[in-house]
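What follows is each chain in one-letter form.
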Amino acid sequence: MDWQYTPYVFPLLMTTAIAATLALFAWRHRSAPGAAPLAALMLAVAVWSAAYALELGSPDLRTKTLWSNLTYLGVVTAPLAWLALALQHTGNEKWLTRRRLILLAIIPLLTTALVWTNDLHHLLHTSIELDTSGPYPMLDVTHNMAFWAHTAYCYLLLLIGTGLLILMFIRSPHLYRGQAGALLIGALSPWIANAVFIFGWSPFGKLDLTPFALTLTGLAMGWGLFRFRLLDLVPVARDTIIESMSDGVIVLDSRDRIVDLNPVAEGILSISASEAVGQPAQKILSRWPDLVERYRSMAETRAEITVGKGIVRRYFDLRVSPLRDWRRHLVGRLIVLRDVTRRKEMEEELQQAKEAAEAANQAKDEFISIVTHELRSPLSSVLGSIGLLEDGAVGPVTEEQIQFLRIIESNTTHMAALASDLADISRIESGQLQLETDPISMAKIIQEIIQSIRFPIERKEQQLILQIPGDLPEVWGDHIRLSQVLTNLISNAHKFTPEGGRIVIRAERAANRWDSQGAAEVVHIVVEDNGIGIKAEDLQKLFQKFSRVGDRETRRIPGTGLGLSIAKNLVELQDGRIWCESEMGKGSAFHFTVPVIEDTPETRAR
């Protein structure tokens, strides 16, 4: 095949190389949105440029016509690939269905068929001649209506894709504007050159400037790929995010005019976007004058605002954020309104419920205080009278009468204990229990309690073992309340240990390994028995109010179910810990600790 030299070939071959490289790069990243149509577009550019280079280098009409026909493979593909790229890049890929692509490809396929059969019908070109008037032979083509129809179709696809990118360019952040700008430059330059050539405005006569302008297309696409990460960061269409947000979004420009708002904001403001856009924010938000004044000068803030009164009152979480251009200049503000009315209503309901509960709790405490106070005197009187009757102070009593008096005494004592426990629980829960802390000898307290409880222990023939060292240190605590705790534990051991059983009371000075946040040293006290024991599943609720663990038989043993709960609170109020270890059938061990007095100048002065 003969070849004629022309300087126009080299830039076209350079365009071919650039386009082919970009097509290969895009194809390797074809999983990214827009990569596949970009690869198709660059491949079309490569075919178009290469075929035109070969057309210019061919010396005769027949060969030039062959290469001219081959350029149409790129000519018919480029507009369709461009539209697909624009749709995917702007988030409108939903329009790229298989059916629509087939319909869009009908005219390019028909045009290709007309190109290769033009000699039979001349619908595309009425004549193709060789113009030798210039320095290099050129094709002189006279176009027919099929050519103009295809050209109009190509320009329509170009116009749609360009319009989408222009909208994205206007609305998008700086990085995505760069992407859109690169695509627009790459698309518009060859089509401007094409229009100049087709309509005979070119100063270069029969030389088609379109393939040369495709060089700029390749450079622009390369710039978009590597400078703006065209295939790595694909913008999501504004409608996909903003329109679907559940929050109201309002965009203001630097002059506080509304430039955009989503449907939720339209509902909040009771105005359509077409009416609001372009209007001053002060005018649109005239129903909320306090809001306008409060945030007029703030570029960024977050607050909770209230709109309306009575049953139409609504609460919003307001966020105002600055919008800046790539030079960091303030160009507007973004206002986001989140409706938190339901949350506020729930908070108010919870607050009302809390206040009602606190009022009920206070009423309960007052009732318990009154009832226990009123019961103590008559119960004490009853117990005193029973004692006098048993002693025969008002006359002789029979053995049967004494038995009845002891039943009355037992039940009355139980009622007095219940009243006392209820009063303690009420004071503890209301924070009204006052402790009187002093240096205390736990050994002395243990001895006092043993003296008071020795008779019932001996009556059940239980063995009482004391393991109290003589050098047990003093502790800081309330004498009465620590006596109450220890009395409860020893009494429980006595009640739940069978006749002939064993009760051990141990005390020791120990490092506080039970509470890392507490005192360094404590007095550790254990009340242990070999009684019936406690089930493992009952240990967790042992210190709860009104908790009576065990089976039906053990529940017949008198008790209020409050003693251990009170003991736990009293120990913890004095910075100690209380716990239980137990095994069914083998007995229980109740432990509690009380902080040792630290040896400091302050404590020595006391």
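Residues numbered from 1 in each chain as written. Predicted model: local features only at pLDDT ≥ 70, side-chain atom pairs only at ≥ 80, totals over all residues. Heavy atoms only, no water.

## Quick look at helix α1 (residues 9–28)
Item 1. Its 20 residues place the ends of α1 29 Å apart at the C-alpha level, agreeing with the 28 Å of an ideal helix rising 1.5 Å per residue.
Item 2. Buried residues of α1: V9, L12, T15, T16, A19, L22, A23 and A26, and no others. With its buried residues spanning 155 degrees around the axis, α1 presents them on a single face. The outward face of α1, more than 90 degrees from its buried face, is lined by the exposed residues F10, T21 and R28. (Helix = DSSP H or I, 4+ residues; strand = E, 2+ residues; numbered from the N terminus. Expected span 1.5 Å × (residues − 1). Buried < 20%, exposed > 50% of the residue type's maximum accessible area, 1.4 Å probe, protein only. Arc of directions from axis to C-beta.)

## A closer look at the sheet that holds strand β3 (residues 248–253)
Item 1. Pairing is antiparallel across the open sheet formed by five strands, whose spatial order is β4-β3-β7-β6-β5. The two strands at the open ends of the sheet, each matched to only one other strand, are β4 (258–261) and β5 (301–307). For this sheet, the mean inter-axis angle between neighbouring strands, taken without regard to orientation, is 25 degrees. (Pairing = 2+ DSSP bridges. Axes fitted to C-alpha atoms, helices over the stretch in contact; angles between N-to-C directions.)

## Section: the pairing of strand β1 (residues 125–131)
Item 1. With six bridges joining them, β1 and strand β2 (residues 138–143) adopt antiparallel strand pairing. Bridging across to β2, I128 finds its partner in V141.
Item 2. Linking β1 back to β2 in an antiparallel pair, the connection comprises six residues.

## So, the pattern of salt bridges
Between side chains of opposite charge, pairing is possible as soon as their charged atoms come close.
Item 1. By the definition in use, this model includes 17 salt bridges.
Item 2. Among the salt bridges present, the one from D317 reaches R302, with a minimum N-O distance of 3.3 Å. In this pair, D317 is assigned in strand β6 (residues 314–324) and R302 in strand β5, connecting sequence segments 15 residues apart.
Item 3. By relative accessible area, R302 is classed as exposed at 54%.
Item 4. In this structure, the salt-bridge partner of D317 is R319, at a minimum N-O distance of 3.7 Å. (Salt bridge = Lys/Arg side-chain N within 4 Å of Asp/Glu carboxyl O.)

## A few points about helix α16 (residues 442–459)
Item 1. For α16, spanning 18 residues, the distance from its first C-alpha to its last is 26 Å, which sits close to the expected 26 Å at 1.5 Å a residue.
Item 2. In the structure, α16 departs most strongly from a straight axis at I453, where the bend amounts to approximately 55 degrees and where the proline P456 lies between one and four residues downstream.
Item 3. Within α16, burial applies to M442, I445, I446, I449, I450, I453, P456 and I457.
Item 4. Where α16 ends, the next residue or the one after it, E461, has phi of about 55 degrees, a positive value. (Bend = angle between axes of the 7 residues up to and from the residue.)

## Regarding the confidence of the model for the protein chain
Item 1. Averaged over every residue, the pLDDT of the protein chain is 78; residues scoring 70 or more account for 75%.
Item 2. Here residues 228–237 is modelled with pLDDT under 50, and outside its nearest four sequence neighbours on either side it reaches 34 contacts, counting other chains as well.
Item 3. Between residues 601–606, whose pLDDT stays under 50, and residues either more than four places distant or in other chains, the model counts five contacts. (pLDDT = per-residue confidence, 0-100. Contact = heavy atoms within 4.5 Å.)

## Remarks on the packing of aromatic side chains
Item 1. Inspection of every chain in the model, using the stated rule, returns three aromatic pairs.
Item 2. Measuring from centroid to centroid gives 5.5 Å for W514 and W579, while their planes differ by 35 degrees, and the two rings are tilted. You can see W514 sitting in the loop between β11 (502–511) and β12 (521–529) and its partner W579 sitting in strand β13 (residues 578–583), a full 65 residues away along the chain. A single burial state applies to W514 and to W579, both of which are buried.
Item 3. Centroid distance F543 to F590: 6.4 Å. Interplanar angle 80 degrees. Geometry classified as edge-to-face. Pair noted here: F543 is in the loop between α18 (536–539) and α19 (552–555) and F590 is in strand β14 (residues 587–595), with a separation of 47 residues, a long-range link.
Item 4. Residue F590 is classed as buried on the basis of its relative accessible area, which comes to 8%.
Item 5. It is K344 that lies over the ring of Y315; its NZ or CZ is 5.5 Å from the centre. (Phe/Tyr/Trp six-rings, centres within 6.5 Å; stacked < 30°, edge-to-face > 60°. Lys NZ or Arg CZ within 6 Å of the ring centre and 35° of its normal.)

## Some words on the sheet that holds β13
Item 1. A sheet is described by the order of its strands in space; here five strands give the open sequence β9-β11-β12-β14-β13, paired in mixed fashion. Two strands in the sheet have a free side with no partner beyond their single neighbour: β9 (463–467) and β13. On average, adjacent strands in this sheet sit at an angle of 15 degrees to one another, irrespective of strand direction.
Item 2. In this structure, β11 lies alongside β12, joined through nine bridges in antiparallel fashion. Pairing of R506 across the sheet is with V526, part of β12.
Item 3. Strands β9, β11, β12 and β14 of the sheet are contacted by α16, whose axis makes an angle of about 175 degrees with β9.

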